[in-house]
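Examining the three-dimensional arrangement
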Amino acid sequence: MNPIKILVVEDEIIVAEDIGFRLKKLGYIVTATVASGEEAIEKVTENQPDLVLMDIVLKGDMDGVTAAEKIRSKVDIPTVFLTAYADDKTLQRAKLTNPFGYIIKPFQQNDLRVAIEIALHRHEIETKMREALKASEASRESLEEKSHRQNQYISMAAHELRNPLNAILISAELLELDRTRSSDESQVRTLRLVHSATQKMNQLIDDMLFMGRAESGKLKCNPLPINLVEFCQDLLDQLQLGNETKHQLTLIPSNVTSAILDQQLLHGIISNLIVNAIKYSPNGGKVSLELEYSQAGDGDKEPIFCLSPQCLFPNSKFTNINSPSLIIKIRDEGIGIPETELEKIFEMFYRCKNTGRIKGNGLGLTIVKKAVELQGGAIGCESKIAIGTTFTVVLPYVALSSKRDRTYG
Ligand code: ATP
Ligand code: MG
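Criteria and cut-off values
Residues numbered from 1 in each chain as written. Chains lettered and ligands numbered in written order. Predicted model: local features only at pLDDT ≥ 70, side-chain atom pairs only at ≥ 80, totals over all residues. Heavy atoms only, no water. Pairing = 2+ DSSP bridges. Helix = DSSP H or I, 4+ residues; strand = E, 2+ residues; numbered from the N terminus. Axes fitted to C-alpha atoms, helices over the stretch in contact; angles between N-to-C directions. Contact = heavy atoms within 4.5 Å. Patch = residues over 30% accessible without salt bridge, like charges linked within 9 Å, V, L, I, M, F, W, Y side chains within 5 Å. Areas by Shrake-Rupley, 256 points an atom, 1.4 Å probe, with all protein chains shown as cover. Salt bridge = Lys/Arg side-chain N within 4 Å of Asp/Glu carboxyl O. Buried < 20%, exposed > 50% of the residue type's maximum accessible area, 1.4 Å probe, protein only. Near = heavy atom within 4 Å. Polar contact = N/O pair within 3.5 Å; in protein donor to acceptor, adjacent residues only side chain to side chain. pLDDT = per-residue confidence, 0-100. Parallel < 35°, antiparallel > 145°, perpendicular 65-115°, else oblique. Left-handed = near helix turned anticlockwise from the far one by under 90°. Nonpolar A, V, L, I, M, F, W, Y, C, P; charged D, E, K, R; others polar.

**Brief notes about the sheet that holds strand β10 (residues 325–332)**
- Spatially, β7-β9-β10-β12-β11 is the arrangement adopted by the five strands of the open sheet, whose pairing is mixed. Here the strands that pair on one side only, and so sit at the sheet edges, are β7 (247–252) and β11 (378–384). Looking at each pair of strands side by side, their axes are set apart by 10° on average, direction ignored.
- By the bridge criterion, seven bridges tie β11 to strand β12 (residues 388–396) in an arrangement that is antiparallel.

Laid out in structure tokens, this is it:
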């Protein structure tokens, strides 16, 4: 343990020398001996002692009580007052500074040691209590935040489920009423409405369940061999079917065909990014999905993150972009994301101001972020208003043949 450092504030030279001598004998270090309150304040910040021994009655404008008050407001260092005589009023003031001890002059060496040790011990206990209080306050705040988020989910879900539910209800009533009168075509249209409303509800429930599992730490990364090309092509085909060919969805041929990845998480990432690319390109256009394998130490390659830096997750575990990686790029020619909002798009429920009448809950990118983080990856976004948006996801790459060599965090 480091020796304890003490600042002595005593204006009587002989007494000060005596205290210094005794302290050294007891094994303490005297950082400085000063005669005034002003000097004490100066030395306390300069030398950072563990304790201040302060004479109450000091010559000059500032007495020991005021000096102790000022020191206390600046740094968290315990003060022990030294006093031979002091009027009641001064003693009352001294009490108010919540001192860690008093030593009455003249004193024995042992009195000095006991007062110092008790003061240091009390200070240590108080510091620990303060820290524990802070920690419990922080955990209370995080619980409150969690419960606030849960309330937000519930009210959002209730609100968002009501629309499709109403659509289903009205459609069912229409079908019931017009059973005989309406044409087959009109019945098919109504049934389509029911189908789309049910799909919306399903999607929302899936998203909520995903977020719930992620929040409670139940969502784990479970990597398995996966044929990337087939997986991505199937996903694009499904989305193209539901998209009435307004957009041209393309899988760009690449140097990577398979990997070991968590299929559910990968689905969450790619489907949300493609759905966004389609949704936020109301005038159609090209939407491309590109997969690329980047080997460790491809020095001549352009850096993966030539992206807006504020969009990268600062807490991403994916720090070594020189290790083998799977790079997924999703590009669109849509409305773009305002530069000032780029850093907010991964926040839960956040929707950019330029979305206009395009519907959404602001959950998709939160899911993408969680799914990327769970796999130890990173994500970035580049966007230009009315030109388009590119999301780049980087995931640690594990080739099929090297499953035993690498594990996921
Ligand atoms: P949800 O995905 O829950 O249905 P959402 O699409 O509004 O709703 P996110 O996917 O989380 O929510 O996206 C957050 C916001 O980021 C969107 O509301 C939109 O403003 C913006 N955004 C995301 N992707 C794009 C994109 N490709 N082009 C333009 N803006 C986008
Ligand atoms: Mg979305």
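Text resumes after the structure shown.
**Re the environment of A16**
- Residue placement: A16 occurs in helix α1 (residues 13–25).
- Not counting the four nearest positions on each side in its chain, A16 is found in contact with E10 and T33.

**Observations concerning a nonpolar patch on the surface**
- A cluster of nonpolar residues, L169, I170 and L174, forms a patch on the protein surface that exposes about 280 Å² of accessible area.
- Within the secondary structure, L174 is located in helix α5 (residues 109–177).
- Taking relative accessible area as the criterion, L174 reaches 41% and is therefore assigned partly exposed.

**Points about the site of ligand 1**
- Close contacts around ligand 1 come from 20 residues, with N276, Y280, R351, L363 and L365 the closest.
- Contact distances for ligand 1 include 2.9 Å between an oxygen atom and a backbone N or O atom of N361.
- Here an oxygen atom of ligand 1 and a backbone polar atom of G364 are 3.2 Å apart.
- Coverage of ligand 1 by the protein chains reaches 95% of its 600 Å² of free accessible surface.
- Among the secondary structure elements, those contributing two or more residues to the shell around ligand 1 are α8 (263–279), α9 (364–374) and β12.
- Of all the elements, α8 adds the most residues to the shell around ligand 1, at three residues.

**Quick word on the confidence of the model for the chain**
- This prediction gives the chain a mean pLDDT of 85; 89% of its residues lie at or above 70.
- Contacts from residues 299–320, a stretch scored under 50 in pLDDT, to residues over four places away or in other chains number 49 contacts.
- In the model, residues 402–409 has pLDDT below 50 throughout and makes 15 contacts with residues more than four positions away in sequence or in other chains.

**Notes on the packing of helix α7 (residues 228–241) against α8**
- Their axes nearest at 11 Å, the elements α7 and α8 cross at an angle of 40°. Relative to α8, α7 is oriented oblique. Seen along the crossing, α7 lies across α8 with a hand that is right-handed. Contacts from L228, F231, C232, L235, L236 and L239 in α7 reach Q263, L266, H267, I270, S271, I274, V275 and I278 in α8.
- Counted by class, the contact of α7 with α8 contains 11 nonpolar, three polar and no charged residues.

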